[in-house]
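Tertiary structure, described
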Amino acid sequence: MAKDGASDSYFTARSWGITVVLLMVLQVSSGQHVKVQPELQAFQKEKILMRCMYTQPGNTKLTQVSWIYEDNDGGERVNIAVFHPTYGESFPDSPFKGRVHFTQGSLENPSIEISDMRMADEGKYTCEYATYPSGNEQGTTNLVMLAKPTNKAEAVTVRAGSASALVARCEAARGKPAATITWESDVPGGKDNTTTLPQPDGTVTVLSEYWMTPTASVNDRSVRCKVAQRTQDHPETFPLVLSIQYPPAVSIEGYDDNWYKGRTDAVLTCHADANPQPTAVDWTSSNGPLPDTVQVEDSGHRLVVKRVDDSVNTTFVCEVKNSLGSGKSQLTAVVIEVSEEPSNTGVLAGAILGGLLAFLLVVSLVTVLVIRSRRQQQQQRSYPGDPETSSYGNKVRLFGIGGSGNGSAKPNKNGGGNNNNGPAYSYREGEPGALDEKPNDPRYQNNGPGSGYGDGSPTPHHILLNERDEAERRKLQAMDDSQEEYEEEEDEVEDMEEDMVDGGGGGGYGGGYHQAPQHHTIMPPLHHAHHHGQQHQDSQMSGYLDDDMESQRDGSVISRTAIYV
């Protein structure tokens, strides 16, 4: 577009140049030697210079030169200035008298200057020579008077309605030539009406009006007026804001359906859309005056409930007035008993639920760990053969059962091989009450003949039998669901007992009990052996001596040779 504009300017300038040259050629040829400016432009109050020259006079004799004015309507020709080489300058009566004079006062250059230009001065100015023998020769200059218009625009305030009305006006006053006015708007449906008014001084006033249907929705919308004229470098633009007047349209905002008893500072806001601006805002209630707990603030636009109670369980009315009328809106408030704040309640409920779930998770983990720990402890206590993890696997020392390191019984003073002078004690490492005397337990009494023990003295067989029965009972309780494994262990125990009976030196226990240096010898269960040879075992056990007992610092008595089971 810029390139096209430049091209247009170039061709326009070139056309004007060609036109001027042609006019000069024509004038020189038609006027024979008179040269003038083809056109001049002037503004009011300005001063202009009109040039005229006779070129190459040769043998032509110049006798006189005159300037003649003629308006554009083809009216009367008027002499405004005359120069004679003998009589000098002359300025006949005309509208130019007093404003025109020669610049040099010679026949070769009779140019004139006109000051205080007026719009009526527009027309044709002819420089005419009187010559001999050629006669009169002349050249004409066309003078165009210009006037820069006074431009202005304004929005017209109009009341809203359904009929088309004038909403904006734009004017280009006293311009010459006449201005061109156009409208731009983002509001559809507008139309313009333009008129031209000639002025007495020769200028022109152009008036353009913009019409449309005035509604409240187009209030404060924009339209633009553009004025273009020859004297202006670029069109002048006037942005306008439409002003449509209408009575107030009222609405109440701020109610959240959560007016519970005891709530403070509940606010209602009265909004009013009006032009012109509201002059009054009034709050009332359906029950009459406003309750005592209510205050009106911000020039009536805000209604503040300091404390919600039953008195505000009513309908509030807001009425707004302006110069064109009034409008109102109402809102019914409902007071509830309990606060209903979905946001706070939801957050609190979520926090409680999350805390409860976390607590249940921790409790579940602790419970699982405790159950597993107890189960492991029960399994450890269920195996008497494990000396490290079971309480029944601790070392059991039988006191009152003496013997040499090779397993032979130490003879007593009477020559017997057994010691039956003291009670039998059982000792378990790591347990409170490790040294227990159980003389009254029937399982530890042996009153049979040939036993070698006195009344109330337990035999090693009964001590071991008691411990074995107790371990078996606890083992059965902890392994109810493992009967098959239990039976396999029983078979292994029976095999061990049979091997011990067979390899004990004459079928007794006297030579089979000894203290192992590297590990504890586990005493096999004796309930099967008891059925096969109870009396034989008792007689073998009675050979232990009691003279190997040694007193300790804490008052206890420990055998030098103890059997670990």
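To be clear, the structure that these remarks concern was listed above.
Note that the coordinates shown come from a computational prediction; the quantities given were computed from them, not determined experimentally. Here the residue index of a chain counts from 1 through its sequence in written order. Residue-level local features of this predicted model are given only where pLDDT is at least 70; pairs of side-chain atoms are given and counted only at 80 or more, and the full residue set underlies all totals for whole chains, interfaces and linings. For the side-chain quantities, the full set of heavy atoms in the structure was used; hydrogens and water were omitted.

**Thoughts on the state of the cysteines**
In plain terms, two cysteine sulfur atoms within 2.5 Å form what is called a disulfide here. For the structure shown, the criterion picks out 3 disulfides. Disulfide pairing is shown between Cys-52 and Cys-127; the S-S distance is 1.9 Å. Taking the sign of the torsion about the S-S bond as the criterion, the disulfide between Cys-52 and Cys-127, at about -85°, is left-handed. Within this pair, whereas Cys-52 is found in strand β4 (residues 52–54), its partner Cys-127 is found in strand β10 (residues 123–132), the two being separated by 75 residues in sequence. Summarising the burial analysis for this pair, Cys-52 and Cys-127 share the class buried. Between Cys-270 and Cys-318 runs a disulfide, and the two sulfur atoms are separated by 1.9 Å. Handedness here is read from the sign of the S-S torsion; for Cys-270 and Cys-318, about -90°, the answer is left-handed. Of the two residues, Cys-270 sits in strand β22 (residues 264–275) while Cys-318 sits in strand β26 (residues 315–322), which places them 48 residues apart along the sequence. Relative accessible area decides the class of each residue, using a 1.4 Å probe on protein chains only: under 20% of the type maximum gives buried, over 50% gives exposed, and in between gives partly exposed. Since its relative accessible area comes to 2%, Cys-270 is described here as buried. Starting at the N terminus, helices and strands are each numbered in turn, a helix being any DSSP run of H or I of at least four residues and a strand any DSSP run of E of at least two.

**Points about the pairing of β10**
Any two strands between which DSSP finds at least two bridges are classified as paired. Relative to β10, strand β5 (residues 61–70) runs antiparallel, the two being bridged by 9 bridges. The residue of β10 that forms the bridge with Ser-66 is Glu-128. Here 9 bridges tie β10 to strand β11 (residues 135–146), and the two strands are oriented antiparallel to one another. Paired with Thr-131 across the bridge in β11 is Gly-135. What sits between the antiparallel neighbours β10 and β11 is a turn of 2 residues.

**What to know about the sheet that holds β26**
Across the sheet, which stays open at both edges, the 3 strands sit in the order β23-β26-β27 with antiparallel pairing between neighbours. Each end of this open sheet is capped by a strand with a single partner; those strands are β23 (280–285) and β27 (325–332). Neighbour-to-neighbour, the strand axes of the sheet open up by a mean angle of 15°, direction not taken into account. Strand direction decides the pairing type here: β26 and β27, joined by 8 bridges, are antiparallel. Paired with Glu-319 across the bridge in β27 is Lys-328. Axis geometry follows a simple rule: fit a line to the C-alpha atoms, using only the stretch in contact for helices, then measure angles between N-to-C directions, giving values from 0 to 180 degrees.

**A look at the pattern of salt bridges**
For side chains bearing opposite charge, pairing can occur when the charged atoms are close. We define a salt bridge as a contact between a side-chain nitrogen of Lys or Arg and a carboxyl oxygen of Asp or Glu at a distance within 4 Å. For the structure on display, the rule yields 14 salt bridges. Across the salt bridge formed by Lys-97 and Asp-93, the nearest N and O atoms sit 2.8 Å from each other. A relative accessible area of 64% means that Asp-93 is categorised as exposed. Of the charged contacts, one joins Lys-176 and Glu-122 as a salt bridge, the two residues approaching to 2.9 Å between their closest N and O atoms. On the criterion of sequence distance, the pair formed by Lys-176 in the loop between β14 (165–175) and β15 (180–185) and Glu-122 in the loop between β9 (112–114) and β10 is long-range, its members being 54 residues apart.

**Section: unusual backbone geometry**
The omega torsion of the bond from Lys-176 to Pro-177 falls at 0°, within 30 degrees of zero and hence cis. Within the secondary structure, Pro-177 is located in the loop between β14 and β15. Residue Asn-275 is joined to Pro-276 through a cis peptide bond whose omega torsion reads 5°. Looking at where Pro-276 falls in the secondary structure, it is placed in the loop between β22 and β23. Despite not being glycine, Arg-174 has its phi angle at roughly 55°, a positive value. Relative to the assigned elements, Arg-174 resides in strand β14. For Arg-174, a relative accessible area of 41% corresponds to the partly exposed category. With a phi angle near 55°, Ser-299 is a residue other than glycine that sits in the positive phi range. Looking at where Ser-299 falls in the secondary structure, it is placed in the loop between β24 (294–297) and β25 (302–307).

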